[in-house]
Structures are given as structure tokens and as C-alpha cells.
Amino acid sequence: MDTLNVVGNPAIHDQHSNLILLGKMDYACDRLPGRKLYSAFKSSSIAHGAVKSIDPAAALALPGVKAVITYKDCPVWSPNIFQWGQEVAGVVAIDAGTAARAALLIKVTYDVSKPVIDPDESMKPGASSVGVIQGKNTLIANYLTRGGGGEAGMAKADVTLETVQPWSTTYQHNTLETHSAVAEWAGDQVKVWCSSQSAFNGKWEVAAALNLPINHVHFFTHGTGCAHGDKNSSPFAVVAAVMSKAVGGQAVQVALTRRDNMLFNTRQFSVRSAIKLGAKKDGTFTGIDAEFWGDVGRNPMAPVDNAHFGLRTTYTCPDADFKVTRVVTNTPQRGFWRCVNDPPGAFNYDIAIDKLADKLGMDPFALRMKNLRAPDAPDQDPPNRVWGGNGVGLCFDKVYTSSGYQSKWHKPGTRVLADGRLHGIAITGHLDSHGYIVGSTRGALVTITADGKCLVNVGGGRGSEGGLTSCCIITAEALGMPPEDVVCGDWGNTDVALDGGMQAGSTFTASAGGAFYNAALDARAKLFAAAVNHSPFFSLKVTPDQLEAKNGFVYLKSDPSQRLSYKQVMAGTPPIAGYGTGWNATLRSRSVGGVAQGSVCNANGSAAACAELAVDTETGQVEILGYWNAVDTGRTIFKQGAIKEMLSGCELMIHQALFAGDVYDIPSGACISTQFNESMVPTAMDMKGERFNVYDLESDDAAGPYGAHGMGEPCVTNYSAIICAIFNATGKWVDPEKGACTPNKVLKALGKA
Amino acid sequence: MNLFTHVNATTIAEATAATAKAGTAPIAGGSDLLTYLRTMCSPNAPTNLVNLKTVVPSMAYIKEEGGFLKVGALTTLTAIANDSTTLAKYTALAQAALSVASPELRNQGTIGGNICQKPRCQYFRFDNDDFKCLRKDPAGTCFALTGVNTYHSVFGPLNGCVAALPSDIAPVLVAMNANIVTTVKTWKAADFFVVPNVADARREQINALAAGEIVTEIQIPTPATGSKSAYMKWSFRKSIDFPLVSAAVLTTVAGGSVTAASIVLGAVYGQPRVATGAQTALVGQAINATSATAAGTAAATGTTVLPTPGGTNSNSYKVQIIKVMVQKAVLATA
Ligand SMILES: Cc1cc2nc3c(=O)[nH]c(=O)nc-3n(C[C@H](O)[C@H](O)[C@H](O)COP(=O)(O)OP(=O)(O)OC[C@H]3O[C@@H](n4cnc5c(N)ncnc54)[C@H](O)[C@@H]3O)c2cc1C
């Protein structure tokens, strides 16, 4: 697509980086200074049971306290306790310190039930009930049989591999700004500013919880302070609104402490698996029998369903069984989190693939390539759709060649570096369940103003670097305007924007972007209709269909010298509003694999990563020597944003593999790694940025706007490359023990701890 | 945040008088104290803070005098790490200062505050005093003894508590036989770092300071000719983390062999742990890979790995790391 002028232009910056760097971005807690009250929570000291009584008298008696609310006042709270630290009451006071001190004075008594903290315990027959699913602790999320099923595949195999992979890491990534909201009432209307990454979700949540007409809720989200899906839902907006109501409508701020943020927000799942793989001697897969369990904490609806997605879709295998089960525990809720179930699922099945390769005596990369599906091949499972753009092969190729894997790979445990450490390298990758295109529920509004420029009002939060800028880029391209003339107007403002949907699932750029593409075309048509009333087009009796637009000019297709700038067209023309909605994933631009243009297809992102590392066998410390992260964007809309996403993806993969993991006190069920330094975010000294290599690759997705699909999640997903590289270095598999492969666990695998 | 008053002391006498009052504590850089107060983790939190940074004459200095390196209690860790005399002659101290936390915290944190910081244990530090641990409450329990104890002692409990010494500076002061001068007396570092009995009002401290007693100066004897010191710290991350194992070593070599060795472990016990076996193993030997390994092995004897629920996240790795850190620190003094 060499005709694109704005899409993919590497000179375009994020529209809001400057605001953030200069400290001018407004966050929810920046709102209404000087005229708001503050709040704090009282949370449960048991992990399972029910509130028997709450006595707020001592808290109310503390000077400065304005109100105490309990689960009785707040529709998103419950007297039934399913995790340690669950909210049971909240205090509103003149400052945050007073509120926090008052919260400690609230006396709560409980009927205590036995908590179940360990997912293995929870799964056992006869286990105590966690209390969130009637009569049991597990829920089958999905079950799928292909061909004759896994067993039939094993019967055809020369070699089989059976492995039970223990629980992978579970953790909360601890955003810089905690989840927060400020609410105030005017009569029966409520205004809420919130750190949500999904403005309209928040609006509906508040309206539904408080039984309000939707137009009585005015919901705004500007700075989110980082969101990885854990700011998708906005229960704290509801709490702020309830608290504000309790003090007569005066503004109230809810800003979670680090502890509360860790306890209340959704987080990454732990996944356990039992995987059986069958293959011919040459590595051709004959059968897969893969069962995954996801520890979903107290949230039985947590979307763990796609833990198997990459294994199911990336490789050809005629006979297979896939099963995913949710396991509930009395621990904080798992849920939306960056890439949700793909990273831990891939962590488990990539280990199984590498184990099979080891058994076959093959290079694990060669085993993957042997079984990789052709890009145009349809999904093997009903409804057997093709992908609009399947770039996983591109990604694998890129990390393979750029890392120099071919000359670096060796049999496990066989290469010692000059300094005595062991060298390891591995490549993993998959078609990801994210990056899909969410259809027509996404709306967009663009306005061409009198100065010939365009305002883009996005109805979504600023959850990530780039989503909003991407919408502007798509608009500029479709309108034929220079990028600097298309600016983000107010965003995340549910009063002036249409629903852009959530910034999650890596759906935003292609889905809201699709809506902006259509809105821009609508505005363009209106602009052409206005242009024909201006000379020279008027005098030449030009009709709108004879016009084209580029670089901020409307010109005659047959004679480009006959042209008007947007500003000239808009002189004397009222502002033009263009409206559009997105579309479902269909093959819009071309046919794929013999499937006709216009057919429903899949639109997913994909990625591959290569990790090269050194393991110190004396200390268990792992040093990343090189990290290669290749991601199929379909089409890179916002180049700088995509590069930053992929770089942050490298950081997050290293975080997941080597550092991150919540720690639970088993007797109480408390997550005790609640303080910031316990999040173990890797520092600049733990991961040298100059060793990161990132590549945005373009499969040209036939479904997406300008060929784009989502990439923000697939780019964080292959942290399995690190554990596989540790195996390549040491010949030993590390048990992550529900956390990361920290040096103590590496030493344990080496028999030294 | 706990509620507190804050006064600027202008003289050490004023600071001493003010801190003698119940519920009062001195504040230096505040990097430890303010996080402790913000999380409201203890019922014993002070309600009045006396600022030492405003005391005149300033207690922020480094000078060599009368056979000692004298470091004022208010000297920042950055200043110590950057001081050329300290780096050349009291190397372990400079290395320990440089290993603390991050640049921002080293700019803020002082040596006096470092050796007076509160224990680091997830249960002790947990917000809102949700775990009644015995370092805060004599009727409490040590939750880490059978709970989460990955970072804890491998030499058993001290007065019932298995929290490991968090200070990077403390083992160096013991290894270098430092004096700790206070408004009351001059302590030998070896006597200063203790885990008080739970019945003692000082139970939250990592040292034996009396109420109202303020550290004013650290004095490190100038090492004898032929001496070298080194500090090695190990943690999961390369920056910001507290030590999980550390080793401070001071050796004196004459005629090619070690005539005196001081080897002290940090972060593996409630107080700095003098590795006497390692010292004995090293004296009389040349410093080389063999003797360093032997010292490391000797330092790691007598350990007790703590039980863990489900056998996961154990602290057994510390035993291996002690060997390696002592070995490396010894070799660094060659
Ligand atoms: C994220 C983080 C990481 C850290 N990492 C490390 C680490 O790696 N290694 C390490 O050793 N420490 C670490 N610390 C702990 C500590 O903050 C610093 O080591 C620092 O040196 C403390 O000094 P300060 O001046 O800020 O002390 P303050 O916070 O001012 O005081 C600490 C305590 O000492 C008392 N006190 C202060 N000065 C005196 C004095 N002169 N006499 C008597 N009592 C006094 C105070 O009352 C208070 O109880 C870390 C802290 C944080 C927050």
C-alpha cells in the first residue's frame, strides 16, 4: 500500500506524550481541588464468610469524618466475603489521612467459613466450597474435540509426550496511578471522573448500579495512569457516586491505596495444564490432548477460556482435544489483564512443545516450523474461518533470522560462556486470541472546523500509548489531511463522543479505528458536497464524485491543479460532522485462501519472541543477553506507538518470566505482596533496553482498516521464550511455583536449593 | 498515614530533649520512617517527629581523624558512596552505601537512619497492622515462621522473630569493628545490633538504642597496613531491592597469607552474623579460589532452612548464596 501518506508515518508522535511529560495530563484525582472530600475503605480480615455486624460509631466520632457507607448502601459491595481484604465499608472525610484512620476504627464481626486459597485444594473432590459457584469450585469454560480426538492422535504417533505443568505466575502489575474516581451530584445527575480505560463501560456501570437513566451519568476519563485491562471495569466510580450521595452530593474522591489496588483489581491468571502431544519421528504432530485449569480467584466469570488458543490455531494437528476449566479460590479476582489468558497458556504449551522436541532430539524451532499452519489455511475448528491476516509465520521468521538463532542454538545444557555461565536461546510464538475486530458497536465522530482542521472525539479512555493517536491517523488518511491538522478533541468524555469501546483485547485501533475510517468518509463526502459550491468547482460545474482529497486539498481528479484547501472550502461552511460505526471482521479488501471477499473471517494478532540469556549456575541469576520481539500488526497505523508497545512488551515479558508473582499467606488468604517494591518490576539494570529488538510486521489483514488488526497484547505474550531458553541453557525445567522463575527457583531446578 | 507532629531541632541537645518524650522519634531522610507511617503498619508508631536535618552544627560530614573515619549520622549514602577516601581505604562501607536501594533513596537516606531502620518483613510492614506480629505486639506471633519466609533468616529465630536484618551498612560496621557514637554512649557495632526481647519496648528496633538516644557519629578504625575490605550484596533485582544475602569482609595480609579476617553476613539472620568458621578457615591461607571457597562453605554451615507451606518459595537458596557471596567478597580483598 504505497499510496498511504499518514498511516505508518514514523515521524508522527503520540498526541498526549507532551502533556504527560510536562505534568499537564489531568488524572481523575486532579479534579475539583479544594472542594472535594476524600475516602478510605474498611476491608475484610477474613477470606471467606459473611459480615455479621458493622459498628461505625468510633469512626463517625472522629473529627473530620463526614459519612460511613457499608455494603448496605453500595450496590457493588456484598456482605458475603470471598477474599481476604474485600471491601465491607468506606469512610468519607475531610482528608485522606482522616478517612484512613477512621476506617481502622470501624468494628466488623463475621461468620467465618473455611477459605480455599490453593487452587489444587480447590479442585480436589470434596473440597470446601469457595462459595461463588453453587455446589462446586470448578466450571468448564470450554471443551473441543477435533477429528477423532487426542487419543486417536496418540495412536498414530511414534513418540508421545505427557507433561503436567504446574501453576504459572499470577500477579497484579501495579499501575503508576492506582484506580481512582471523583464523583459529584447536581440534583439527580452525577458527574464522574475516573481512571477507567473504558469510558462508556463506566457510564453504564454507574447507571445500572444506581438505577439511573443513562443520560444522568456524565462520565469522563482522561489520564488513566496506565491500564492493563484492570481498569476496564469501574466499580470505584460507583462507590464514589454512592459516597458523594451520602454527603449530599458534595464531590468525593476514591483513590485506592497500593494495598487496595493490589487486593481489589483484576490480575493475571495462574494456569496449570496436563498436555499430551503425539508426533511422528520427523516431528509431524498427530495428536494433542490438552487440558488447562485457570485459577480465577473469586471471579467465576474470569475469561480464562482461551488459554489453549495458540496451541489450537498455530499448528496443524488432525486429532485433538482441548479443555479449559476455571477453578475458583478465595483470593482476589483474576480477570481482564494484558493479554488475559494467552501468556500463561502459551507458557504451559510452549514448555510441552519444547519437551517433545527434546524427546525427539529436535531443535524446538524446527518442530514448530514443521507443524506451522499456512497463513491462508482456515481454522481447523468450526466455523473453520480463514484469517484476514495471519502473520505468525512472518514473526517466527523475523526473530529466527534477526537473532541469529541458527548458529546459536545447541542441545540443552551444552554451551558454556567464557565467564562460566550457561548460554541458552529459545523462540516461541503463536497466533493470539487478541487483536480481533469488534463490530458496529463502536462509534466515531469527527468534526471539520472552520479553519479546515479536524477534531477527533474518541469515546474511549487513554489506556495505552497510541490508541487515540491511531484514530487521528486513520481519520487523516481517510480525509486526505496532513496529520498535524487532525487533532484529538476531548476524549473519554461520554457527553461529547460516541462509544469507542474499551481499550482492551487489542481491539481499539482496528475497531474504533474502523468507526473513524467510516466517520472520516462521511465527513469527506459532506466536504465534497460543500466544495462544489465554491469556485473553481462551482464554475466548472463539478459534481462531488469528481473530487479527491490529499494533503489538505480537495482537487479535481481529472485536473489536480484545480483545487481548494480545506480551509477555503470551510470558509462560510458550517462545521461538518462525520459519523461512523465500525464493522465486524469480514474479508473487506480481498479474498483469502479461496474464501470470497465479504466473507466473515478471523482477525487476530500474532507474535513471536526469541530470548537469549546466560544462567549463573552458582546464584541462579538469569541475564537477558538479547530479546527479539516480532509482532504482526496487520498494518502499522501509528509507528512510534507500535514500537513503544513492543518495547514495553519486552519489559513485561521479562517481568512475567523472571520477577512477577503475588505472594499469599496461606492460613489467612491475604495477598501479602501488596507494596510497590514487592511487585518486582524489573529495573533498568535488570533489562538493558539496548538489547531489545522489536519488529512490526504487516500481514495486511483483509478485515481491518488499512489492513490493521490489534497488536498491544500479542506483543507481551511470549514470555515462555525465557523459561524455554533457561532449559536450553541448563537442561532443567524451572517450577515457577505460581510465580516467576526467580533465582531461588532456578537454583532449586539445578539441585542447589 | 499516621498522624504526627513535626518539629525542627536546632541543636542536638534540643533534639535529645524532644525525643526523650514518649511517642517521639527522630527523623533523618525519612525514607524508611515515612513509608512505615504511611502504611499505618504499627500500633506503636511515633506521633511526634523531631527533624535532625536542621541541627547545627550539621551532622553530615566525612573526615579522617585520630585513626578513624568519622561519618556524621546525617551523612547521606550518596555522599559516602562518592567519597574518595572511603572508597580507597574503607571500601566495604562505600560499596555497601552504593548498593542501597536506588539513587533517589541514597540521596535522601542517611547512615544513621540506615542502622536504625525498622525490620523488613511482609507481615511486620503490612498496611493497617493487619498482622499482629510479635515485633509490634508482645502477644503477637511470628507469622513468617511457618508462613511466607522466602526472604527470612536461615539461622533460626532471634527472640522468636525470623525477619532478616535489612541494613546494608550494619554488617560492614561489625566487620570493620566500628564505634557507634550516640548522645548517651559509644557502642561497639557488635553490641549495637540486636533483636530486642518482645517484652522490651524496643522490640521494633534492629538495635539496642534506648528511648531518646540519638546516633551522632559512626567511627571506623583505619584498617591496618595490608588490609582490604569488600562488600557483596545479592538480591533478585540488580537495583532497589533490600539485600537477601550480603557479606562484608575485611582481611589483613602479611607475607602472602591472611593474618586477620573479619567476615560478617547480612540479611540471613536478625542481626549481623559473624562467620567465625569462615574467619578461622581463612586465617593463615593465601587468598585464592580454594581458600575463598572454603571460607564460603564454612560461612554456610549451621543453617536452618525455614518450613514453608506446600514446600514452595523456600529460603533454602540463601545457603548456596552465602557460599558464593563470601567467596566473592574474600576474593575481592586479594
Ligand atoms: C524502596 C526502598 C528500598 C530500600 N532499600 C534498602 C536497601 O537496599 N538497603 C538498606 O540498607 N536499606 C534500604 N532501604 C531502607 C532505608 O530507607 C535506607 O537504608 C535509609 O538509609 C534510611 O535512612 P533515613 O535517613 O531515610 O532514615 P529515616 O527514615 O529518617 O529513619 C529511619 C529510622 O531511624 C531512626 N533514626 C534516623 N536517624 C537517627 C539517628 N541519628 N539516631 C537515632 N535514630 C535515628 C528514625 O526514627 C526511624 O525510625 C530502603 C527503603 C526503601 C523505601
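Residues numbered from 1 in each chain as written. Chains lettered and ligands numbered in written order. Predicted model: local features only at pLDDT ≥ 70, side-chain atom pairs only at ≥ 80, totals over all residues. Heavy atoms only, no water.

Brief notes about the overall build of chain A
For chain A, the count of helices and strands is 19 helices and 28 strands. Expected size for 753 residues packed as a compact globule is a radius of gyration near 27 Å; at 27 Å, chain A falls within 12% of this value. With the C-alpha coordinates aligned to their principal axes, the bounding extent of chain A is approximately 85 × 75 × 50 Å. Buried residues in chain A amount to 64% of all 753 residues. (Helix = DSSP H or I, 4+ residues; strand = E, 2+ residues; numbered from the N terminus. Rg over C-alpha atoms; globule rule 2.2 N^0.38 Å. Buried < 20%, exposed > 50% of the residue type's maximum accessible area, 1.4 Å probe, protein only.)

So, the site of the ligand
All names here are of chain B. The environment of the ligand is made up of 33 residues, and the closest members are Pro26, Gly30, Ser31, Thr110 and Asn114. In the environment of the ligand, an oxygen atom lies 2.8 Å from a nitrogen or oxygen atom belonging to the backbone of Asp32. One of the backbone N or O atoms of Ala101 is found 3.1 Å from an oxygen atom in the ligand. Its free accessible area being 960 Å², the ligand has 95% of it covered by the protein chains. Residue assignment for the shell around the ligand shows that the elements contributing at least two residues are strand 2 (24-27) and helix 7 (111-114). Each residue belonging to the shell around the ligand can be placed in one class, and the counts come to 19 nonpolar, 10 polar and four charged. (Near = heavy atom within 4 Å. Polar contact = N/O pair within 3.5 Å; in protein donor to acceptor, adjacent residues only side chain to side chain. Areas by Shrake-Rupley, 256 points an atom, 1.4 Å probe, with all protein chains shown as cover. Nonpolar A, V, L, I, M, F, W, Y, C, P; charged D, E, K, R; others polar.)

Describing helix 11 (residues 364-371) of chain A
Residues and elements named next belong to chain A. Taken together, the buried positions of helix 11 are occupied by Pro364, Phe365, Leu367, Arg368 and Asn371. Around the axis of helix 11, the buried residues are gathered within 160° of arc, so they sit on the same side. In the core, the buried residues of helix 11 are packed alongside strand 14 (285-297), helix 9 (309-314), helix 10 (342-360), helix 12 (392-403), helix 13 (405-408) and strand 16 (422-431). (Arc of directions from axis to C-beta. Contact = heavy atoms within 4.5 Å.)

Remarks on the side chain of Ser43(A)
Residue and element names in this part refer to chain A. Along the chain, Ser43 falls in strand 1 (residues 36-43). Its relative accessible area of 10% is what places Ser43 among the buried residues. Looking at Ser43, its side chain comes within polar contact range of the side chain of Arg259, at 3.2 Å. Each residue touching Ser43, except ones within four places of it in the same chain, is listed here: Gly85, Gln86, Glu87, Val88, Tyr110, Arg259 and Phe264.

Thoughts on the nonpolar core
With 86 residues, the main nonpolar core has Phe41(A) and Val190(A) as its most contacted residues. Counting residues per element, this core draws most heavily on helix 7 (residues 235-246) of chain A, which supplies eight residues. Structurally, this core is a two-domain feature, drawing no fewer than three residues from each of domain 1 (28-43 + 49-112 + 173-264) and domain 2 (270-436 + 600-749) of chain A. Leave out the neighbours within four places in its chain, and Phe41(A) touches Trp77(A), Glu87(A), Ala89(A), Gly90(A), Ala103(A), Phe236(A), Val239(A), Met243(A), Val254(A), Leu256(A), Asp260(A) and Phe264(A). Counting 78 residues, the second-largest nonpolar core is a separate cluster that includes Ala611(A), Tyr719(A), Ile723(A) and Tyr269(B). (Core = buried A, V, L, I, M, F, W, Y, C linked by side-chain atoms within 4.5 Å. Domains from an automatic or database assignment.)

Quick word on the packing of helix 6 (residues 199-210) of chain A against helix 7 of chain A
Residue and element names in this part refer to chain A. Orientation of helix 6 relative to helix 7, taken along the N-to-C sense of each, is 50°, at an axis distance of 8 Å. With respect to their mutual orientation, helix 6 and helix 7 come out oblique. As for how helix 6 packs across helix 7, the hand of that crossing is right-handed. Along the contact surface, helix 6 presents Glu205, Val206, Ala209 and Leu210, while helix 7 presents Pro235, Ala237, Val238, Ala241 and Val242. Taken together, the residues of the contact of helix 6 with helix 7 break down into eight nonpolar, no polar and one charged. (Axes fitted to C-alpha atoms, helices over the stretch in contact; angles between N-to-C directions. Parallel < 35°, antiparallel > 145°, perpendicular 65-115°, else oblique. Left-handed = near helix turned anticlockwise from the far one by under 90°.)

Focus on the environment of Thr19(B)
Residue and element names in this part refer to chain B. For Thr19, the location among the structural elements is in helix 1 (residues 12-19). Each C-alpha atom, one on Thr19 and one on Leu250, is 36 Å from the other, the two residues being 231 residues apart in sequence. A polar contact is formed between the side chain of Thr19 and the backbone oxygen of Gly212, at a distance of 3.5 Å.

Things to note about the sheet that holds strand 1 (residues 5-8) of chain B
Residue and element names in this part refer to chain B. Within the open sheet, the three strands sit side by side as 1-3-2. Their pairing is parallel. In this open sheet, the two strands that pair with only one neighbour each are strand 1 and strand 2. Recorded for the sheet is a direction-independent mean angle of 25° between the axes of neighbouring strands. Where strand 1 lies against strand 3 (residues 48-51), four bridges are found, and the strand directions are parallel. Looking across to strand 3, one finds that His6 is bridged to Leu49. (Pairing = 2+ DSSP bridges.)

Topic: empty space enclosed by the protein
Within the structure shown, the criterion is met by eight cavities of 30 Å³ or more. Taken as a whole, the largest cavity encloses approximately 370 Å³ of empty space. Forming the boundary of the largest cavity are 23 residues, of which Asn677(A), Arg120(B), Tyr151(B), Phe242(B) and Leu244(B) lie nearest the centre. Tallied by class, the residues present in the lining of the largest cavity amount to 13 nonpolar, five polar and five charged. Size it by volume and the second largest cavity reaches roughly 100 Å³. Contributing to the lining of the second largest cavity are Gln621(A), Val622(A), Ile624(A), Ile654(A), Leu658(A), Phe659(A), Asp686(A), Cys741(A), Pro743(A), Phe236(B) and Lys238(B). Elements represented by at least two residues in the lining of the second largest cavity include exactly strand 25 (622-632) and helix 17 (639-659) of chain A. (1 Å grid on protein atoms, 1.4 Å probe; cavity = no way out; pocket = protein on both sides within 12 Å on 5 of 7 lines; lining within 4 Å. Points joined across faces, edges and corners; volume = space filled by probe spheres on them.)

What to know about the sheet that holds strand 8 (residues 215-221) of chain B
All names here are of chain B. Taken in spatial order, the five strands of this open sheet run 4-5-8-6-7, and their pairing is antiparallel. Unpaired on one side and paired on the other, strand 4 (62-65) and strand 7 (186-188) mark the two borders of the sheet. Put simply, the sheet's adjacent strands are angled 25° from each other on average, direction ignored. The pairing of strand 6 (residues 179-182) with strand 8 spans four bridges and is classified as antiparallel. Bridging across to strand 8, Ile180 finds its partner in Ile218.

Side note on the confidence of the model for chain B
Per-residue pLDDT for chain B averages 97, and the proportion of residues at 70 or more is 99%. Listed scores for the predicted complex are pTM 0.97 and ipTM 0.96. (pLDDT = per-residue confidence, 0-100.)

Focus: the domain arrangement of chain A
All names here are of chain A. Its domain assignment divides chain A into domain 1 (28-43 + 49-112 + 173-264), domain 2 (270-436 + 600-749) and domain 3 (438-581). Contacts between the two partners involve 16 residues from domain 1 and, on the opposite side, 20 residues from domain 2. Carbon and sulfur atoms make up 58% of the area that domain 1 and domain 2 hide from each other, which totals about 1,600 Å². Broken down residue by residue, the surface that domain 1 buries against domain 2 is led by Trp84, His228 and Met262, which jointly contribute 35%. Seen at the junction of domain 1 and domain 2, the total is zero salt bridges. When residues of the side of domain 1 that touches domain 2 are assigned to their parent elements, the largest contribution, five residues, is made by helix 8 (residues 258-264). Looking at the side of domain 1 that touches domain 2 residue by residue, the classes come out as five nonpolar, seven polar and four charged. (Buried area = accessible area lost by both parts, 1.4 Å probe. Salt bridge = Lys/Arg side-chain N within 4 Å of Asp/Glu carboxyl O.)

Re the state of the cysteines
All names here are of chain B. Applying the stated criterion to the full structure yields zero disulfides over all chains. In this structure Cys116 is a free cysteine whose sulfur lies 17 Å from that of Cys41, the closest cysteine sulfur available. According to the relative accessible area criterion, Cys116 is partly exposed, its value standing at 32%. Of all cysteine sulfurs in the structure, the one in Cys133 sits closest to Cys121, which takes part in no disulfide; the separation is 6.2 Å. Look at Cys121 and you get buried, because its relative accessible area is 11%. (Disulfide = S-S within 2.5 Å.)

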